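# Summary of the model geometry
Spelled out from the first residue to the last, the chains are:
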Amino acid sequence: MESFLKAIERRDLHIAVVGLGYVGLPVACMLAQAGFRVVGIERSGDKVERINQGSSPIEGEEPGLAEMLAGVVRSGKLCATSDYAACRDVRAVFISVETPVGDDNKPAYTALRSALASLGPHLARGTLVIIESTIAPGTMQRVVAPALEAASGLRAHEDFHLVHCPERVMVGRLLHNLRHMPRAVGGMTPAAAQMAVALYRTFVEADLDATTALNAEIVKTTENTYRDVQIAFANEMALVCEDLGADVWEVRTLVNKCPYRDMHLPGAGVGGHCLPKDPWLLLTNTSAGFPARLIPAARAVNDGMPLHVADLVVDGLRAAGKDIRGARVAVLGYAFLENSDDTRNSPSAVLVERLRALGAEPVIHDPFVAAYRGDLRERVQGCDAAAVMVRHGEYLRLDPQDLVRWLASPVVVDGRHVFAADAARWVYRGVGGPQQNLDA
Ligand SMILES: NC(=O)c1ccc[n+]([C@@H]2O[C@H](COP(=O)([O-])OP(=O)(O)OC[C@H]3O[C@@H](n4cnc5c(N)ncnc54)[C@H](O)[C@@H]3O)[C@@H](O)[C@H]2O)c1
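A short tour of the structure in this document, coming up.

## Things to note about the site of the ligand
Contacts to the ligand come from 28 residues, most closely from Glu-42, Lys-47, Tyr-84, Thr-99 and Lys-277. The separation between an oxygen atom of the ligand and a polar main-chain atom of Tyr-22 is 3.1 Å. Glu-42 has a polar side-chain atom sitting 2.5 Å from an oxygen atom of the ligand. With three residues, the top contributor of residues to the shell around the ligand is helix H5 (residues 110–119). Classifying every residue of the shell around the ligand by side-chain character gives 12 nonpolar, eight polar and eight charged.

Next comes the structure, spelled out in structure tokens:
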């Protein structure tokens, strides 16, 4: 322990980061910027190549990341490889591979198990292994420790140290959150937590709370479940307001003037890698027959929102005297979040599938997603309706009068409250209202 802490102080510690995605890449950059020699282990050969050229594979707006990556690669502090043999002389390993759930909502730890199996043979005695991926409560004990023991032939807590320190980064604010978000540092032993706290202190400027691995697992999955449930409440309120002929946005503003109320933003659905699966991870290891009611209900409400947008498209077209069958519908935004290229669990994908099933022809535009980039006007021109699914800056800057001019019929469905309902003469259908017709 003493020598580990000294090595941190002297920056004389070789570190590996396994999985260079939205989480692993900025973590690797931060550690390299803090002065450590870092090797990134990444399965994708394309990403390895780009990173070694000093070019970020993340396309969305990520303030500071591209510059930091270029700098640490140029200085030789960070390099990437797919070869786990590079872990031979590291003394700390961060693992940040994806942890999705399957169709049964149970974790599919394929990437995590594979990373542990590949790391094991190269694991040196005394190494600190930190799992940053989000995992179900109990996973450190049931999956990570036994898998790494089996692959390495070493004993957990004696020969190597285990910590779960979940990430709180957010796409669009990766570096900012890494520096400024407090962290729950969950050691499987108090000594392991202490080692990890010292390491994170080299770049985190916020609280680092040492706790147990189980607590850290619960904390992370709970904070995302909290958000999912809150959004579901806001979405249900949007549906209530639509039904009552009210405007949820005005209602929300007034509700939130009441002390201790914080109604979230309703919208066209919840996507990304994390929120759609973390509530299921939280429930994974509860006892058989555990009566979870609220959390699955919230998931169902949020999953239903892109389908609701499809209903609004049908309704808007009908109000304009058009049938959904054969209609060309512009879908504006395919990423799950504004100004990002991340399309994982995209609500737009659900909308597109539903539109096709209804006989419509979706025409997709997204300025950040390579497959759907292009001139917005050309994409929208001649479509029968447009549905705004993402609050990208380009759509916020769009003049609604232009949008209406480009469309063959003036039907706009606003899934993200981008326009005011009375911003143009159109058939306007907003998630959460208010609605507007041409004769209004
Ligand atoms: N994206 C976020 O904003 C965010 C925030 C907090 C927590 N998390 C959690 O962090 C974890 C990673 O998420 P992400 O968004 O960075 O995922 P990602 O898919 O962007 O990155 C994972 C990377 O790991 C690589 N990989 C997979 N298996 C590998 C293996 N065996 N060896 C080497 N590389 C391998 C993949 O190729 C990919 O580049 C997840 O558990 C997620 O829930 C993500």
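## Focus: the sheet that holds strand E1 (residues 14–18)
Across the sheet, eight strands lie side by side as E3-E2-E1-E4-E5-E6-E7-E8; this open sheet has mixed pairing. Taken across any chain shown, the strands that pair with only one partner, and hence form the sheet edges, are strand E3 (78–81) and strand E8 (208–212). The average undirected angle you get between the axes of adjacent strands in this sheet is 25°. Both strand E4 (residues 92–95) and strand E5 (residues 128–131) contribute to a ladder of four bridges, which runs parallel. Bridging across to E5, Ile-95 finds its partner in Ile-131. Its contacts with the sheet put H5 on E1, E4 and E5, and the angle it makes with E4 is roughly 160°. Packed on one face of the sheet, helix H9 (residues 213–244) meets strand E6 (161–164), strand E7 (183–187) and E8 and runs near 115° to E8.

## With respect to unusual backbone geometry
In this structure, Pro-434 follows Gly-433 across a cis peptide bond, with omega equal to -10°. Examined against the element boundaries, Pro-434 turns out to sit in the segment after strand E13 (427–430). One non-glycine residue, Tyr-260, lies in positive phi territory at about 70°. Along the chain, Tyr-260 falls in the loop between helix H10 (248–255) and helix H11 (278–283).

## Quick look at the sheet that holds strand E11 (residues 385–388)
What the five strands build is an open sheet, ordered E10-E9-E11-E12-E13; its pairing is parallel. Edge positions in the sheet fall to strand E10 (361–365) and E13, since each of these pairs with one other strand and no more. Mean inter-strand twist for the sheet, computed between neighbouring axes without regard to direction, equals 20°. Bridge count between strand E9 (residues 328–332) and E10: five bridges; the pairing is parallel. Each bridged residue has a counterpart across the sheet, and for Ala-330 the counterpart in E10 is Val-363. Sitting on the sheet, helix H12 (residues 294–319) is in contact with E9, E11, strand E12 (411–414) and E13, with an inclination near 160° to E13. Sitting on the sheet, helix H13 (residues 347–357) touches E9, E10 and E11, and the angle it makes with E9 is about 175°.

## Looking at helix H4 (residues 65–74)
Taken residue by residue, H4 has Leu-65, Met-68, Leu-69, Val-72 and Val-73 as its buried positions. In a view along the axis of H4, the buried residues occupy a sector of 125°, so they form one face of it. Facing away from the buried side of H4 by over 90 degrees, the exposed positions are Glu-67 and Arg-74. On its buried face, H4 is in contact with helix H2 (24–33), helix H3 (45–52), E3 and helix H7 (174–180).

## Remarks on the packing of aromatic side chains
Per the stated rule, a full pass over the model turns up five aromatic pairs. Where Phe-94 meets Tyr-200, the ring centres are 5.6 Å apart and the plane angle is 85°; that geometry is what we call edge-to-face. You can see Phe-94 sitting in strand E4 and its partner Tyr-200 sitting in helix H8 (residues 190–200), a full 106 residues away along the chain. One exposure class covers both Phe-94 and Tyr-200, and it is buried.

## Comments concerning the side chain of Ser-409
Within the element layout of this structure, Ser-409 appears in the loop between helix H16 (400–406) and E12. Polar contacts involving the side chain of Ser-409 include one to the main-chain carbonyl oxygen of Asp-384, which spans 2.6 Å. Setting aside residues up to four positions removed in sequence, Ser-409 forms contacts with Leu-317, Lys-322, Cys-383 and Asp-384.

## Here's the deal with the environment of Tyr-200
Judged by relative accessible area, Tyr-200 falls into the buried class, the value being 0%. Linking Tyr-200 and Asp-247, residues 47 residues apart in sequence, is a C-alpha distance of 45 Å. Excluding anything up to four places from it in sequence, Tyr-200 contacts Phe-94, Ile-130, Glu-132, Cys-165, Arg-183 and Leu-208.

## Comments concerning the packing of H2 against H4
Across the interface, H2 lies against H4 with an axial gap of 9 Å and an inter-helix angle of 55°. Considering their axes alone, H2 and H4 lie oblique with respect to each other. For the crossing formed where H2 meets H4, the hand is left-handed. Mapping the contact onto sequence places Leu-25, Pro-26, Cys-29, Met-30, Ala-32 and Gln-33 in H2 and Leu-65, Met-68, Leu-69 and Val-72 in H4. Here the residues of the contact of H2 with H4 are counted per class, giving nine nonpolar, one polar and no charged.

Basis of the calculations
Residues numbered from 1 in each chain as written. Predicted model: local features only at pLDDT ≥ 70, side-chain atom pairs only at ≥ 80, totals over all residues. Heavy atoms only, no water. Near = heavy atom within 4 Å. Polar contact = N/O pair within 3.5 Å; in protein donor to acceptor, adjacent residues only side chain to side chain. Helix = DSSP H or I, 4+ residues; strand = E, 2+ residues; numbered from the N terminus. Nonpolar A, V, L, I, M, F, W, Y, C, P; charged D, E, K, R; others polar. Pairing = 2+ DSSP bridges. Axes fitted to C-alpha atoms, helices over the stretch in contact; angles between N-to-C directions. Contact = heavy atoms within 4.5 Å. Buried < 20%, exposed > 50% of the residue type's maximum accessible area, 1.4 Å probe, protein only. Arc of directions from axis to C-beta. Phe/Tyr/Trp six-rings, centres within 6.5 Å; stacked < 30°, edge-to-face > 60°. Parallel < 35°, antiparallel > 145°, perpendicular 65-115°, else oblique. Left-handed = near helix turned anticlockwise from the far one by under 90°.

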